[in-house]
Amino acid sequence: MPGPLVVNNSIVIPDVELVWRFSRSSGPGGQGVNTTDSRVELTFDVAATTALTPALKARAIERLGSGTITIAASEYRSQLRNREAALHRLAQRLREAVAPPPKRRRATKPSRGAVERRIKSKKHRSDVKRLRRDP
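- The name given to the protein in an unreviewed UniProt entry is Ribosome-associated protein, and the organism recorded there is Nonomuraea fuscirosea.
- The Sequence similarities (unreviewed entry) comment attached to the protein in UniProt states, word for word, "Belongs to the prokaryotic/mitochondrial release factor family."

1. Focus: the packing of aromatic side chains
To describe a pair of aromatic rings, one takes the distance between the centres and the angle between the planes.
Move 1: Scanning all chains against the criterion turns up one aromatic pair.
Move 2: Centroid distance Trp20 to Phe22: 6.3 Å. Interplanar angle 5°. Geometry classified as stacked.
Move 3: On the accessibility criterion, Trp20 (21% relative accessible area) is partly exposed.
Move 4: Phe22 gets classed as partly exposed once you look at its relative accessible area, which sits at 33%.
Move 5: Residue placement shows Arg83 over the ring face of Trp20; its charged tip is 4.5 Å from the ring centre.

2. Observations concerning the sheet that holds strand β5 (residues 68-73)
Strand pairing within a sheet occurs via backbone hydrogen bonds; the two strands may be parallel or antiparallel.
Move 1: On the basis of which strands lie adjacent, the open sheet formed by three strands has the order β3-β4-β5 and antiparallel pairing. The open sheet terminates on both sides in strands that have one partner only, identified here as β3 (18-23) and β5. For this sheet, the mean angle separating the axes of adjacent strands, direction not counted, is 15°.
Move 2: As judged from the six bridges shared by β3 and strand β4 (residues 39-45), these two strands associate in the antiparallel manner. Residue pairing in the sheet places Phe22 in a bridge with Val40 of β4.
Move 3: The sheet strands contacting helix α2 (residues 79-98) are β3, β4 and β5, and the helix crosses β5 at an angle near 145°.

3. Observations concerning the pattern of salt bridges
Move 1: All chains considered together, the criterion is met by four salt bridges.
Move 2: The partner of Asp127 in a salt bridge is Arg130, with the nearest N and O atoms 3.2 Å apart. Of this pair, Asp127 and Arg130 both sit in helix α3 (residues 112-132), separated by three residues, roughly a single helical turn.
Move 3: Residue classification places Asp127 among the partly exposed positions, given a relative accessible area of 35%.
Move 4: A network of salt bridges, in which partner residues are shared, links Arg21, Arg39 and Glu41.

4. A short note on the pairing of β4
Move 1: Across six bridges, β4 lies against β5 in antiparallel orientation. What sits directly across from Val40, in β5, is Ala73.

5. What to know about the nonpolar core
Move 1: With 23 residues, the main nonpolar core has Ile13, Leu18, Leu90 and Leu94 as its most contacted residues.
Move 2: With eight residues, the single largest contributor to this core is α2.
Move 3: Contact partners of Ile13, with chain neighbours within four places excluded, come to Pro4, Leu5, Val7, Leu18, Phe44, Ala51 and Leu94.

6. Quick look at the packing of helix α1 (residues 54-64) against α2
Move 1: Closest axis-to-axis distance for the α1/α2 pair is 8 Å, and the angle between their directions is 105°. The orientation of α1 with respect to α2, classified from their angle, is roughly perpendicular. Judged by residue contacts, Leu56, Arg59, Ala60, Arg63 and Leu64 of α1 engage Arg93, Glu96, Ala97 and Val98 from α2.
Move 2: Classifying every residue of the contact of α1 with α2 gives five nonpolar, no polar and four charged.

The rules behind each value
Residues numbered from 1 in each chain as written. Predicted model: local features only at pLDDT ≥ 70, side-chain atom pairs only at ≥ 80, totals over all residues. Heavy atoms only, no water. UniProt positions renumbered as here; feature names shortened; annotations may be inferred. Phe/Tyr/Trp six-rings, centres within 6.5 Å; stacked < 30°, edge-to-face > 60°. Buried < 20%, exposed > 50% of the residue type's maximum accessible area, 1.4 Å probe, protein only. Lys NZ or Arg CZ within 6 Å of the ring centre and 35° of its normal. Pairing = 2+ DSSP bridges. Helix = DSSP H or I, 4+ residues; strand = E, 2+ residues; numbered from the N terminus. Axes fitted to C-alpha atoms, helices over the stretch in contact; angles between N-to-C directions. Contact = heavy atoms within 4.5 Å. Salt bridge = Lys/Arg side-chain N within 4 Å of Asp/Glu carboxyl O. Core = buried A, V, L, I, M, F, W, Y, C linked by side-chain atoms within 4.5 Å. Parallel < 35°, antiparallel > 145°, perpendicular 65-115°, else oblique. Nonpolar A, V, L, I, M, F, W, Y, C, P; charged D, E, K, R; others polar.

And the structure:
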């Protein structure tokens, strides 16, 4: 389980930059729920990381709203599966945070055919409603 977290083919987070905390989990687990620390909290400091370039760091902080990400996972009964779930969710959040912004849409005029079809459908609807009225 230990090792770097691969976010995408250009971003790899070293293991030492991930901070783990474990606690008792509520939920399924039977008698073991009171004795095992299966709940996982994974904290990653985006502002202090060496894995991101300054431009990616600024984009991530702008999108996330703060310099740290904390992921809590307690949906599984075992700590190992909760650790895997937390790593998966952290990688997903980072992929979304550092993704390039979408291309801006270039505004275009509707085609003449589209305008004519729209007006024709409006006139048809108007005629339908007009014919429903009492004379």
